[in-house]
Each structure stands twice: as structure tokens, then as C-alpha cells.
Amino acid sequence: MELPGKDLLDMESLSRDHISRILDTAETLREISERPIKKVPILRGKTIVLFFHEPSTRTKTSFDVAAKRLSADTHSLSQSTSSLTKGETLEDTAKTLEAMHPDAIVIRHSCSGAPHQIARLVKSSVINAGDGLHAHPTQALLDLLTVRRRKGRIEGINISIVGDIAHSRVARSDIAAFSKMGATVTICGPRTMIPAGITQLGCSVIHNADKAVEGADVVMMLRIQKERLKSALMASERDYAVHFGLNSRRMRLAADDAIIMHPGPLNRGVEIAPDVADGPNSVILEQVENGVAVRMAVLYMLLGGKPHAPEN
Ligand code: CP
């Protein structure tokens, strides 16, 4: 099954079948990362531009690693090293990149909708690596893969997403993805951090963190996005940690075999206590590992890679 269209911009555009196929493909490709020689030639000759207009450790590196494991060539462009600093528009930057005939442009941008704008301008595949407050589809896919691997299913799972929902593109993509796949999604945070209308994405809202965590199979903690807070939305970090942070007492309210997730980067001691982040229920580093597999799958499926055939 092909993906719908040339781009991956959000989770809403993917059907349940598309999502299952991406996860199955990631499961198949995951094994490449465990080989002594971590490279197969299925995207040989393909060119991928990584255009990151905002900082990133996990997403940028894992797209780069994923592309190289499939033998594609990658080229990185950041806000600070691009001609955007000289006043070039996003459209002109996109057309300039397109003139070099990349097969895919992976873009992270601070403006919601920037990847969609670029996707309309270029023939290359555009993959949204996080846009403003809007969407982060490959994060949602790697979160689905992590839950499916750990729990054996997604349908029927109770997942609670706790934190700064208002500023979180991960929350929006995860709510859309998990509800589409049949999980029950509860979100929790201070009233100032829950956007109006969020339940339309397929979740219910609770403002008491103990109640949100109680009985959950999956607890996903979100980062307080200090760089996006224009005004004080909480009394203090200490106050936030007491009322909404995940500590070992609160974690004991979850299901016995509950897993703890966080898209990273962590504010240790704010939304998550260090002993919980590093404890036995934490799958935070598995999320990172699964991120490489999911991004390999997305690149493979969008760029029409052929299965490895003998050299001659
Ligand atoms: N989860 C995530 O998007 O992390 P980075 O900002 O490090 O890419």
C-alpha cells in the first residue's frame, strides 16, 4: 500500500490501514539497526534535505541516521546557516532547494503550516518534522510503535497525556493517532495549558493529575515548552511539579505494568522526576530507538524504495 499523496504532513491524512502499514514496515526495517553493518541499498541514489528551522536532537539525527541506513544521501540546512538570515523568504528557500532536485525535504519550522506551504510549492516529498503548535506526525508514529511493541496492541489501551497540551504539537498528533487506532485518550494539565476544542481530536480532559494517571496503561508526560510561553501559565515550576509532575507516588496509581513515555527533551524535576524517567517502567529511550525505524519506514514508503536486489 502506498501512502496517500507525496507528503507526510499530519496524522489526520493517514487512515488506520496506512498507519498499520507504516508500523509493520518499521518493524521489518528495525532489524537493520541491529546488524554489524547497518546499511542496505534500498534508497541508493535518493537525496534528502534536512531543513531544520528550530533546534532538534532526536528528530534531526534519527532522520539522518534512518536515511543513511537506507543508503540515501542527506544534506542539512539550519535557520542560522541558511540565507533565511539574509531575509530570503520561506517560499524562495523552498524553490531554491527544489532546483537541486531532492527526493524529499524534511522540515521543522516554528510556524504552524510551513511544511504544508512548502509541499504545495515543490514536487519533492515533504515530511513534517514538527511545525509550530500543529503537528509532529513521525513522533506520533514512533509513539504508536513503542506502545504496540510493549503492549502488543493499541486498541483498547488507556493512555493519559499530561502536561502543556496547548503548546504541544506532539500532543495534537498523538491524540489524533491514538484515538484513530482505538485507544482511549485522556489529557491532563492546568486549565491554562489545555486549548479550547481539543476534545474534537478524540480525547477527554481531566485537570487532576492523580485521576488522569489512575489505572492508565500508558502515561505520557510532556515538556513544559518554556521557549513558547509568552506569559506565566503556572505559578512556579515547583508548584507545577507538585500538581502535574510524574513522581513515584503518582506513578503507583497507574496500572501495575504501565509504561512511561516522554517525547523529550526532558525537564527533569519539573514534569518528570529523575527516578521515574530512569526507572524500570520508562520507555523513553525505546521511543528514540523506534524513531529511527519509523523514519526509515516513512522514507522508504514515500520514496518508493525497492527491496534490496543482488548487485548484478
Ligand atoms: N521529540 C522531539 O521532537 O525531540 P527533538 O526536538 O530533540 O527533535
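As shown above, the structure is provided for reference.
From a predicted model like this one, the values you see are computed outputs, not experimental measurements. (Residues numbered from 1 in each chain as written. Predicted model: local features only at pLDDT ≥ 70, side-chain atom pairs only at ≥ 80, totals over all residues. Heavy atoms only, no water.)

**Student:** Explain the layout of surface pockets here, please?
**Tutor:** With a probe scaled to a water molecule rolled over the atoms, the places where space remains empty come into view. Of the pockets and cavities examined, the largest pocket occupies roughly 420 Å³. Along its surface, the largest pocket is lined by 20 residues, and R108, R169, R223, G264 and P265 are the ones closest to its centre. For the lining of the largest pocket, the secondary structure elements donating two or more residues are α2 (58-69) and α6 (169-180). Each residue belonging to the lining of the largest pocket can be placed in one class, and the counts come to 5 nonpolar, 8 polar and 7 charged. (1 Å grid on protein atoms, 1.4 Å probe; cavity = no way out; pocket = protein on both sides within 12 Å on 5 of 7 lines; lining within 4 Å. Points joined across faces, edges and corners; volume = space filled by probe spheres on them. Helix = DSSP H or I, 4+ residues; strand = E, 2+ residues; numbered from the N terminus. Nonpolar A, V, L, I, M, F, W, Y, C, P; charged D, E, K, R; others polar.)

**Student:** I'm lost on the pattern of salt bridges in this one. Help?
**Tutor:** If the charged atoms of two oppositely charged side chains come close together, the side chains can form a pair. What the rule picks out here adds up to 14 salt bridges. Notably, a salt bridge pairs E289 with R30, separated by 3.7 Å at the nearest N-O pair. With a gap of 259 residues between them, E289 in helix α11 (residues 284-302) and R30 in the loop between α1 (16-29) and β1 (47-52) connect regions that are remote in the sequence. When its relative accessible area of 42% is taken as the criterion, E289 is described as partly exposed. Where R150 meets E286, a salt bridge forms, and the shortest distance between an N and an O atom there is 2.6 Å. (Salt bridge = Lys/Arg side-chain N within 4 Å of Asp/Glu carboxyl O. Buried < 20%, exposed > 50% of the residue type's maximum accessible area, 1.4 Å probe, protein only.)

**Student:** What is the right way to look at the site of the ligand in this model?
**Tutor:** Taken together, the residues surrounding the ligand are S56, T57, R58, T59, R108, H136, Q139, P263 and G264. Within the side chain of Q139, one N or O atom sits 3.0 Å away from a nitrogen atom of the ligand. Protein contacts shield 91% of the accessible area of the ligand, which totals 250 Å² for the unbound molecule. Spatially, the ligand is embedded in the largest pocket. (Near = heavy atom within 4 Å. Polar contact = N/O pair within 3.5 Å; in protein donor to acceptor, adjacent residues only side chain to side chain. Areas by Shrake-Rupley, 256 points an atom, 1.4 Å probe, with all protein chains shown as cover. Sits in = over half its atoms within 2 Å of the grid points.)

**Student:** Just checking my understanding: could you explain the nonpolar core for this structure?
**Tutor:** Among soluble globular proteins, nonpolar side chains are generally buried collectively. Ranked by size, the top nonpolar core spans 65 residues in total, and within it M11, I48, L141, L144, I161 and I187 carry the most contacts. The greatest single-element share of this core, amounting to 9 residues, is contributed by α11. Ignoring anything within four residues of it in the chain, the contact list for I161 reads D174, I175, V185, T186, I187, C188, M220 and L222. (Core = buried A, V, L, I, M, F, W, Y, C linked by side-chain atoms within 4.5 Å. Contact = heavy atoms within 4.5 Å.)

**Student:** Just checking my understanding: could you explain the sheet that holds strand β3 (residues 104-109) for this structure?
**Tutor:** Either a parallel or an antiparallel arrangement is found when strands of a sheet pair, and the pairing is made through backbone hydrogen bonds. As summarised here, the arrangement of the 4 strands in space is β2-β1-β3-β4, forming an open sheet in which the pairing is parallel. Each having just a single partner strand, β2 (73-78) and β4 (125-131) make up the two edges of the open sheet. Strand after strand, the sheet turns through a mean of 15 degrees between neighbouring axes, direction not considered. Along the sheet, helix α3 (residues 90-98) contacts β1, β2 and β3; its crossing angle with β1, the most-contacted strand, is approximately 160 degrees. (Pairing = 2+ DSSP bridges. Axes fitted to C-alpha atoms, helices over the stretch in contact; angles between N-to-C directions.)

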